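An overview of the molecular structure
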Amino acid sequence: MDSFLRCLPKVELHVHIEGTMEPDLLFKLAKRNNITLPFKDINELKEIYANFNDLKSFLDVLEKECSVLITSEDFYDLAWAYFQRVAADNVRHCEVFVDIHAHINRGVSLKCQFDGLIRACQKATKEINMTTALLLSFLRDESEQSALDILDKALEYREYFIGIGLESNEINNPPSKFIRLYKKAHELGLHCVAHAGEEGSSSYIKEALDLLKVERIDHSIHCIDDPILLKQIAQSQIPLTMCPLSNLKLKVVKKIHDLPLKLFLENHIRVTINSDDPAYFDGYILANFYAIQEAFQLSIQDWVQLTQNAIYAAFISNERRQELLKELEDILKNHQ
Ligand SMILES: [Zn+2]
């Protein structure tokens, strides 16, 4: 089964590029930019990573580490390292969140962010035959107006991104706070997704669907608390991006087996498996696949379903979708 999982053509729909910064790159960039980090070495970092209590404890560390991302070269190095790493796991398409709001707050220009990231995206297409896309991620603990102002400025780079997302501390920052932002994004023809129901209640998921009219929900674990909502998600075929190792590390669940994956599959919910912030949570997408397999002992058919779910949930052309479905079909033929 392990080799089958490795060979599956993978589509990653929930990964934050900042969350892919491995400790060696972190220290390299800190040195390059003359930044003194509040961590002595890799061992100290590993110790911190092993002891996250919740989403906030992780976000506090992430914020400190992001201080090393200053130049377009830094963003390029970060993204290119990520694409190369996951190419080895046969990731064939990925949609990457960029923490644009946080970087702007630190004084890093949009030009700098896009210049580096787009160069890496183009190289991924050319050299490793992987398609990529960027989603701009806004901080829900900041004001809606600040997000609107940044989106407005980002339009100068409109060709470089396909949509927007909403992240960071959920509690007391419900989706309803961002109705104008999402209305504007829809008017601009952007794809719309949002984190909801990771630490927030099912009402946050409902708001994301009904008020922000999102096309995918990131995490959405707490939708199981509302049977009517669960039915709405199944009927609408709104994809949910589950991130098992993230949920485990941030204590959303006590063990992987507590995730409602079987319930989602049984209810024909379009759930996908993703990595979130892999450098911090012990593994990239393939490691998440392995963790799920160990906990649930899924069948080949379940994995085909999960892979198809991700291919259908991706914001890609029909032509690209058919290519990925064909790759899946070929893998299945070879496996039989
Ligand atoms: Zn996330």
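Residues numbered from 1 in each chain as written. Predicted model: local features only at pLDDT ≥ 70, side-chain atom pairs only at ≥ 80, totals over all residues. Heavy atoms only, no water.

This part covers the overall build of the protein. Secondary structure assignment for the protein yields 16 helices and eight strands. By the compact-globule yardstick of 20 Å for 336 residues, the protein fits well, its C-alpha radius of gyration being 19 Å. A principal-axis box enclosing the C-alpha atoms of the protein has dimensions of 55 × 40 × 40 Å. When burial is assessed residue by residue, the protein has 57% of its 336 residues classed as buried. Of all intrachain contacts in the protein linking residues separated by at least 6 positions in sequence, the fraction that spans at least 24 positions is 76%. (Helix = DSSP H or I, 4+ residues; strand = E, 2+ residues; numbered from the N terminus. Rg over C-alpha atoms; globule rule 2.2 N^0.38 Å. Buried < 20%, exposed > 50% of the residue type's maximum accessible area, 1.4 Å probe, protein only. Contact = heavy atoms within 4.5 Å.)

Further remarks concern empty space enclosed by the protein. Overall, the coordinates contain two cavities of 30 Å³ or more when judged by the stated rule. Space inside the largest cavity adds up to approximately 150 Å³. Surrounding the largest cavity, 17 residues form its lining, H16, L59, E167, H195 and D277 being those nearest its centre. Here the lining of the largest cavity is composed, by residue class, of five nonpolar, five polar and seven charged. What the second largest cavity holds in volume is close to 80 Å³. Taken together, P9, K10, V11, T272, I273, I285, F289, W303, L306, T307 and A310 form the lining of the second largest cavity. Of all the secondary structure elements, the ones that give two or more residues to the lining of the second largest cavity are β1 (10-16), β8 (271-273), α14 (285-296) and α15 (300-313). A total of four residues in the lining of the second largest cavity trace back to one element, the largest contributor, which is α15. (1 Å grid on protein atoms, 1.4 Å probe; cavity = no way out; pocket = protein on both sides within 12 Å on 5 of 7 lines; lining within 4 Å. Points joined across faces, edges and corners; volume = space filled by probe spheres on them. Nonpolar A, V, L, I, M, F, W, Y, C, P; charged D, E, K, R; others polar.)

When a metal holds four donors in a tetrahedron, each ideal angle between them is 109.5 degrees; when it holds six in an octahedron, the ideal angles are 90 or 180 degrees. Only H14 (NE2), H16 (NE2), H195 (NE2) and D276 (OD) from the protein reach the zinc ion as donors, at distances of 2.1 to 2.2 Å. Classification of the site at the zinc ion as irregular follows from its four donor atoms and the range of 82 to 171° in their angles at the metal. Sequence spacing of the donor residues for the zinc ion, all on one chain, is H-x1-H-x178-H-x80-D. One exposure class covers both H14 and H16, and it is buried. (Donors = N, O, S within 2.8 Å, 3.2 Å for Na, K, Ca; no water. Tetrahedral: all angles 85-135°; square planar, octahedral: opposite > 155°, others 65-115°.)

UniProt records the feature "domain: Adenosine deaminase" (unreviewed entry) for residues 9-330 in the present numbering. Spanning residues 9-330, this segment combines 50% helix with 14% strand, and its end C-alpha atoms are found 10 Å apart. (UniProt positions renumbered as here; feature names shortened; annotations may be inferred.)

This paragraph deals with the pattern of salt bridges. If charged atoms from side chains of opposite charge come close, those side chains can pair. Summed over all chains, the structure comprises 17 salt bridges. Between D330 and K326 there is a salt bridge, with the nearest N and O atoms lying 3.0 Å from each other. Here D330 pairs with K326, and both are found in helix α16 (residues 318-335), just four residues apart, close to one helical turn. Since its relative accessible area comes to 41%, K326 is described here as partly exposed. K333 is the salt-bridge partner of E329, the closest N and O atoms lying 3.8 Å from each other. Within this pair, E329 and its partner K333 are both found in helix α16, separated by four residues, close to a single helical turn. (Salt bridge = Lys/Arg side-chain N within 4 Å of Asp/Glu carboxyl O.)

A separate point is the nonpolar core. With 110 residues, the main nonpolar core has F83, I164, Y182 and L261 as its most contacted residues. Counting residues in hydrophobic clusters, the runner-up holds nine residues, among them V11, A310, I311 and L325. (Core = buried A, V, L, I, M, F, W, Y, C linked by side-chain atoms within 4.5 Å.)

Buried residues dominate strand β3 (residues 131-139), accounting for eight of its nine residues. Inspection of the sheet shows strand β2 (residues 91-98) paired to β3 by six bridges, in the parallel sense. Considered in β3, the bridge of F97 is made with L135. With five bridges connecting them, β3 and strand β4 (residues 163-167) associate as parallel partners. Considered in β4, the bridge of L139 is made with E167. Crossover connection from β3 via helix α8 (residues 144-154) to parallel β4: handedness right-handed. (Pairing = 2+ DSSP bridges. Right-handed = clockwise from strand over helix to strand, strands pointing away.)

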